[in-house]
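Here is how the chains run, residue by residue.
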Amino acid sequence: MAAKDHLILTAIGPDQVGLVQKISEFISRHGCNIEDSKMAVFCGEFAVIVLISGDGGSLVKIARDYRDIEAETGLSITIKTPSARRAPEFFLPYKLTASCMDHPGIVYQISGVLSRLGVNIESMETKTYFAPVSGTPLFQIEADLAIPTRTNINELRERFAEMQREENIDIELTAIKS
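Summarised in this report is the structure supplied together with it.

The rules we used
Residues numbered from 1 in each chain as written. Predicted model: local features only at pLDDT ≥ 70, side-chain atom pairs only at ≥ 80, totals over all residues. Heavy atoms only, no water. Pairing = 2+ DSSP bridges. Helix = DSSP H or I, 4+ residues; strand = E, 2+ residues; numbered from the N terminus. Axes fitted to C-alpha atoms, helices over the stretch in contact; angles between N-to-C directions. 1 Å grid on protein atoms, 1.4 Å probe; cavity = no way out; pocket = protein on both sides within 12 Å on 5 of 7 lines; lining within 4 Å. Points joined across faces, edges and corners; volume = space filled by probe spheres on them. Nonpolar A, V, L, I, M, F, W, Y, C, P; charged D, E, K, R; others polar. Parallel < 35°, antiparallel > 145°, perpendicular 65-115°, else oblique. Left-handed = near helix turned anticlockwise from the far one by under 90°. Contact = heavy atoms within 4.5 Å. Buried < 20%, exposed > 50% of the residue type's maximum accessible area, 1.4 Å probe, protein only. Phe/Tyr/Trp six-rings, centres within 6.5 Å; stacked < 30°, edge-to-face > 60°. Lys NZ or Arg CZ within 6 Å of the ring centre and 35° of its normal.

Another aspect to go through is the sheet that holds strand 8 (residues 170–175). Note on sheets: strands pair through backbone hydrogen bonds, and any given pair is parallel or antiparallel. Pairing is antiparallel in the open sheet, where four strands are placed in the order 6-7-5-8. Where the open sheet ends on each side, the last strands, each with one partner, are strand 6 (120–130) and strand 8. For this sheet, the mean inter-axis angle between neighbouring strands, taken without regard to orientation, is 15°. Relative to strand 7 (residues 137–148), strand 5 (residues 91–101) is paired through eleven bridges, and the arrangement is antiparallel.

Printed below as a string of structure tokens:
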């Protein structure tokens, strides 16, 4: 099987029915494939990031023609060639979940601990919701982490335990079994 090349398409703009169909049709019409994607609507704005694979010639055509789909959808679209990949480092996959009463700085604090210990956030989703009985605003994070094998997991757990005590944030760190 021939090696595949990649492009990353990002788009943002007013949400409307059919955007995913129009974007996916554009990619398919150019003979390419959606390998991975994340999509969401925030306050009426649609946002998507898509990893597209295909042969080099087809990807060049997508990069050339993306203004067509931009005009058709009203989205602001950017096309980017992925950066060269670094040499792979051995890592352990973990899932982090955290929840607490909503307040500014939660993502900053948690990501700061991870960054200082060399942990990469591979995927993260946050949401704010209201407690069922009290209506108190609550905040939740779910993240997939790549923890380098050189990182001391016990040190990471201890730093999160400190944060739990000081900031009243419930944090769970769970190894993902392959």
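A word on the layout of surface pockets. Volume-wise, the second largest pocket comes out at about 220 Å³. Lining the second largest pocket are 14 residues; nearest its centre among them are Lys38, Met39, Ser123, Met124 and Glu125. Listed by contribution, the elements that provide at least two residues to the lining of the second largest pocket are strand 2 (33–42), strand 3 (45–54), strand 6 and strand 7. Ranked by residue count, the leading element in the lining of the second largest pocket is strand 2, at four residues. A per-class count over the lining of the second largest pocket returns eight nonpolar, one polar and five charged.

What follows covers the packing of helix 3 (residues 106–116) against helix 4 (residues 153–167). Packing of helix 3 against helix 4 brings their axes to within 11 Å, and their N-to-C directions diverge by 160°. Compared by their axis directions, helix 3 and helix 4 come out roughly antiparallel. Between helix 3 and helix 4 lies a crossing whose hand is right-handed. Side by side, helix 3 and helix 4 meet where Gln109, Ile110, Val113, Leu114 and Arg116 of the first sit next to Leu156, Arg159, Phe160, Met163 and Glu167 of the second. Grouping the constituent residues of the contact of helix 3 with helix 4 by class yields six nonpolar, one polar and three charged.

The bulk of non-glycine residues show a negative phi, and the bulk of peptide bonds are trans. Even without being a glycine, cysteine 43 presents a positive backbone phi close to 50°. Among the secondary structure elements, cysteine 43 is positioned in the loop between strand 2 and strand 3. Cysteine 43 gets classed as exposed once you look at its relative accessible area, which sits at 86%. Look at asparagine 168: it is not a glycine, yet its phi comes out positive at around 55°.

On to the packing of aromatic side chains. For the coordinates displayed, the defined rule picks out zero aromatic pairs. Across the ring face of tyrosine 129, the terminal group of lysine 127 is positioned such that the distance to the ring centre comes to 5.8 Å.

Attention shifts here to the pairing of strand 4 (residues 76–80). Regular strands place their side chains on alternate faces of the sheet. Burial of strand 4 is one-sided: the residues Ile77 and Ile79 facing one way are buried, the residues Ser76, Thr78 and Lys80 facing the other way are not. When strand 1 (residues 5–14) meets strand 4, the two strands line up antiparallel, connected through five bridges. Paired with threonine 10 across the two strands is threonine 78, which belongs to strand 4.

Time to look at the sheet that holds strand 2. Pairing is antiparallel across the open sheet formed by four strands, whose spatial order is 2-3-1-4. Both edges of this open sheet fall to strand 2 and strand 4, since each of them pairs with a single strand only. When strand polarity is set aside, the average angle formed by the axes of neighbouring strands in this sheet is 10°. Packed on one face of the sheet, helix 2 (residues 56–73) meets strand 1, strand 3 and strand 4 and runs near 165° to strand 4.

Without other data, these values stay purely geometric and don't point to any function.
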